[in-house]
Amino acid sequence: MGKKRWLLKTANPNSENYWKPMKEKSSIMHATSEKANLLESVPDLEKSMYLVVDGYPCVRLLNLSGEIGCSNPGREKVLAPIVRYKNANNLVQLSAVLVSLDEFDNLFLRVSIDSNFAKNVAGVLVESGAQNKLKGKRCNKKFPQDEFSPYQSNSYEWNPTGSGIMWRAYDFPVFLLSEGSTSTLQEVAAKNERTKKAYNAVVAEFNLVMQTTKSGTHDSESCLNEGTCLPLGGYSVWSALPPISISSPENSKPIILAMTSMDTASFFRDKSLGADSPISGLISLLAAVDALSRVDGLNKLPKQLVFGVFNGEAWGYLGSRRFLHELDQQSGSVSGLNSTLIETVIEIGSVGKGFDQGVKTFFAHTSGVSSATNVTLSAFKHAQKSLKSEAIKLSTANASNPGIPPASLMAFMKKNAKTSGIVIEDFDTVFKNKFYHSHLDNQSNINSSAIVAASSLVARSLYILASNKTDLSASALNSVKVNASLVEELLGCLLNCEPGLSCELVKHYISPMGTCPSHYVGVILGEPSSTPYLPYVSDTSRFVWNFLAEKTSIPSKNASSCPKDCSGTGEMCIRAETDGKGVCVTSTTRYVPAYSTRLKSESGTWKVLPRNSSDPMGLEDAVWTESNWDTIQLRVYSVQDAAYDRLILLAGIAVTVLAYTAIVVTRAFITKALKQD
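Residues numbered from 1 in each chain as written. Predicted model: local features only at pLDDT ≥ 70, side-chain atom pairs only at ≥ 80, totals over all residues. Heavy atoms only, no water.

### Details of the sheet that holds strand 12 (residues 234-241)
Then, in step 1: Taken in spatial order, the eight strands make up an open sheet running 17-16-18-15-13-14-12-22, and their pairing is mixed. The sheet terminates laterally at strand 17 (392-396) and strand 22 (588-594), the two strands that pair on one side only. Neighbour to neighbour, the strand axes of the sheet diverge by 20 degrees on average, direction disregarded.
Then, in step 2: In terms of strand pairing, strand 15 (residues 342-348) meets strand 18 (residues 421-425) through four bridges, oriented parallel. In the sheet register, Ile346 faces strand 18, and the bridge partner there is Ile422.
Then, in step 3: Seen against the sheet, helix 8 (residues 275-293) touches strand 12, strand 13 (255-261), strand 14 (304-310) and strand 15 and runs at an angle of roughly 140 degrees to strand 13. (Pairing = 2+ DSSP bridges. Helix = DSSP H or I, 4+ residues; strand = E, 2+ residues; numbered from the N terminus. Axes fitted to C-alpha atoms, helices over the stretch in contact; angles between N-to-C directions. Contact = heavy atoms within 4.5 Å.)

### Quick notes on the sheet that holds strand 19 (residues 554-555)
Then, in step 1: The strand order 19-21-20 describes an open sheet built from three strands, whose pairing is antiparallel. The two strands at the open ends of the sheet, each matched to only one other strand, are strand 19 and strand 20 (571-574).
Then, in step 2: Pairing of strand 19 with strand 21 (residues 583-586) involves two bridges; the strand directions are antiparallel. Paired with Pro555 across the strands is Val585, a residue of strand 21.
Then, in step 3: Contacting strand 20 and strand 21, helix 16 (residues 539-551) runs over the sheet at an angle of about 130 degrees to strand 20.

### What to know about the side chain of Arg598
Then, in step 1: Turning to its location among the elements, Arg598 is positioned in the loop between strand 22 and strand 23 (599-602).
Then, in step 2: The buried charged residue Arg598 lacks any salt bridge partner; its closest oppositely charged side chain belongs to Asp621, at an N-O distance of 6.2 Å. (Buried < 20%, exposed > 50% of the residue type's maximum accessible area, 1.4 Å probe, protein only. Lys, Arg positive; Asp, Glu negative; His and termini not counted. Salt bridge = Lys/Arg side-chain N within 4 Å of Asp/Glu carboxyl O.)

### Digging into the packing of helix 8 against helix 12 (residues 448-467)
Two quantities define a packed helix pair, namely the angle between the axes and the distance from one axis to the other.
Then, in step 1: Taken N-terminus to C-terminus, the directions of helix 8 and helix 12 make an angle of 50 degrees; their axes are 8 Å apart at the nearest point. In terms of orientation, helix 8 lies oblique with respect to helix 12. Both helix 8 and helix 12 take part in a crossing whose hand is right-handed. Here Ser280, Ile283, Ser284, Ala287, Ala288, Ala291 and Leu292 of helix 8 lie close against helix 12, whose contacting residues are Ile451, Ala454, Ser455, Val458, Ala459, Leu462 and Tyr463. (Parallel < 35°, antiparallel > 145°, perpendicular 65-115°, else oblique. Left-handed = near helix turned anticlockwise from the far one by under 90°.)

### Section: the packing of helix 12 against helix 14 (residues 484-495)
Then, in step 1: Put simply, helix 12 and helix 14 touch, their axes get as near as 10 Å, and they point 125 degrees apart. As far as their axial angle goes, helix 14 and helix 12 are oblique. Of the two elements, helix 12 crosses helix 14, and the hand of that crossing is right-handed. Residues Ser448, Ile451 and Val452 of helix 12 touch helix 14, and the partners they reach there are Ala484, Val487, Glu488 and Leu491.
Then, in step 2: Its residues assigned to classes, the contact of helix 12 with helix 14 comprises five nonpolar, one polar and one charged. (Nonpolar A, V, L, I, M, F, W, Y, C, P; charged D, E, K, R; others polar.)

### Notes on the pattern of salt bridges
Then, in step 1: A complete count under the given rule lists 21 salt bridges for this structure.
Then, in step 2: With a shortest N-O distance of 2.5 Å, Asp290 and Arg294 are connected by a salt bridge.
Then, in step 3: Classification of Arg294 by relative accessible area gives partly exposed; the value is 45%.
Then, in step 4: Residues Arg542 and Glu577 are paired through a salt bridge, measuring 2.8 Å at the closest nitrogen-oxygen approach. With a gap of 35 residues between them, Arg542 in helix 16 and Glu577 in helix 17 (residues 576-579) connect regions that are remote in the sequence.
Then, in step 5: Judged by relative accessible area, Arg542 falls into the buried class, the value being 2%.
Then, in step 6: One salt-bridge network, in which partners are shared between bridges, spans Arg60, Glu67 and Asp171.

### Remarks on the state of the cysteines
Then, in step 1: Tallied over the full model, the rule gives four disulfides.
Then, in step 2: Across the disulfide, Cys223 is cross-linked to Cys229 (sulfur-sulfur distance 2.0 Å). As the torsion about the S-S bond is roughly 80 degrees, the Cys223-Cys229 disulfide counts as right-handed.
Then, in step 3: For Cys223, a relative accessible area of 0% corresponds to the buried category.
Then, in step 4: In this structure Cys139 is not part of a disulfide, and its nearest cysteine sulfur, from Cys58, lies 9.7 Å away. (Disulfide = S-S within 2.5 Å.)

### Description of helix 3 (residues 104-113)
Then, in step 1: Those residues of helix 3 lying buried are Phe104, Leu107, Phe108, Arg110 and Val111. The buried residues of helix 3 occupy an angular sector of 155 degrees when the element is viewed end-on, so they sit on one face.
Then, in step 2: Buried residues in helix 3 make contact with strand 6 (95-99), helix 4 (115-118), strand 7 (121-126), strand 8 (169-170) and strand 9 (174-177). (Arc of directions from axis to C-beta.)

The structure is reproduced here in structure tokens:
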């Protein structure tokens, strides 16, 4: 079942004409004939009276035990006058509260502890603002996804300033405003304050009605049964360099797996950029693959390089857990991979803030002490020395840490406690990213030179590990060189609206469905498959698949156009979206569905599976879903006070009665006068 999509129309809040209809409705009656001629239809009249506000909603999410996120409290739209939070110590009536970013946490804390205040919050309008004016904004918990931790110190605070507000349910709508809408609604709130005793006010109308609210399905299992929600999920991608020969399994090599994630989370669904966490790691990995793809002789190395980019990691490590599950099942999505051959796992986490006084500083968090881990750390130290002119510093994370920070590697360690792995991060004991899982984690929160440095460090370390040599020459390592221009280009494509996904690099591979990137996982549509229907796959996943497929490929012997004639062993068609023809290459690159291991799709219907003791992370799986909806809209307009309307009605009745009385009296007088004549 498909989800009905929505679009908040972009308004022009700087236009003076928007506010002319916001005055008394009677002003329309006094419009000049020239303006009247402009209103040629009912839709024109409606557009002149209502302002559709540009913004990003907080939506309703569900799990097996309940709900989080935002929704209208019932089936109807919510209407309330706009007031500023800083001037509203006590709300005496239902109000749409306009709040600044620095007061955002305080407002939601008050809502949670002050029921008298909360009952009059009809909706919340959050002003946009610059992050440099804020100390920090972390809506996640102090230990994100602690339930999946492979160690017992769940009380440790990796994210000490985390408020956890994004994990609570709110029975009122919440919207993040665009910059233009922010200034407009600030003027509206100020106007309401100046004219609070007047007969009219400007109100916000919230249409954030969720189907789960309408149907009374308040957890994942019930809403999936009723078809009022869809599972969170998408598609991960993995690729091998060089391509793996499936026809010759006897030549299988030990695997070095380098991985990262592509999704993030925030309070506002479609304002999820995750520049530092995790997109800096994604860009670092893509640039490392590009650097390694230009090195000769990789097919002669004794170990196999495999790259994984997982989706859904912010919602219970959906991608990495499903990847491991598919490996156990030996499904088509992991054809060519053998989990027993994975020797070392290297994860690139948040690396965009690894820059301090000109030095690029990173920390290696290890899964434990083992010979394989020591070999990996030695490779990183060797790579660091080869980059001594780049001022890169790599340190082993503090021994007092309870273990690795929240990362996909946790899924591997839960599956096999003996997994050898490290996570490269830009922090040691606590998150350095003060906007972790916030809409403010954007490009201004990271440093491109740190990403280039991390990519160089990872690329050379992978080359050393795949070579299985500790004495590689400087000239050999210098051949592994990261393209800094590619990093800058990827930043513009994946973290900005301009150029955004319309950049030349992305359009070289795919035809994007949108321009402004958002790295929220979304919902999984259709039947999960290793060869999915591409319109059901996100722009980011499709771009990563095509990018990795090209970079890890070898030219195909078949020069024909594809996909029709691309059918040789190991062949696949890349860049087919751009011109409908594509290029045929030999590559081992696969999509892997990313969704809960507790879910099963049967004939278009999702079912929750019973807990399985053989899936330790499944025991803690919340099974996240997102409510369906029909339309989401926020608009603003002027209304008259009900008492004033009643007064007008009474005045009208009085005038009518007086007029009727006058007519009767006049008529009687005239009749009498005529008789006398």
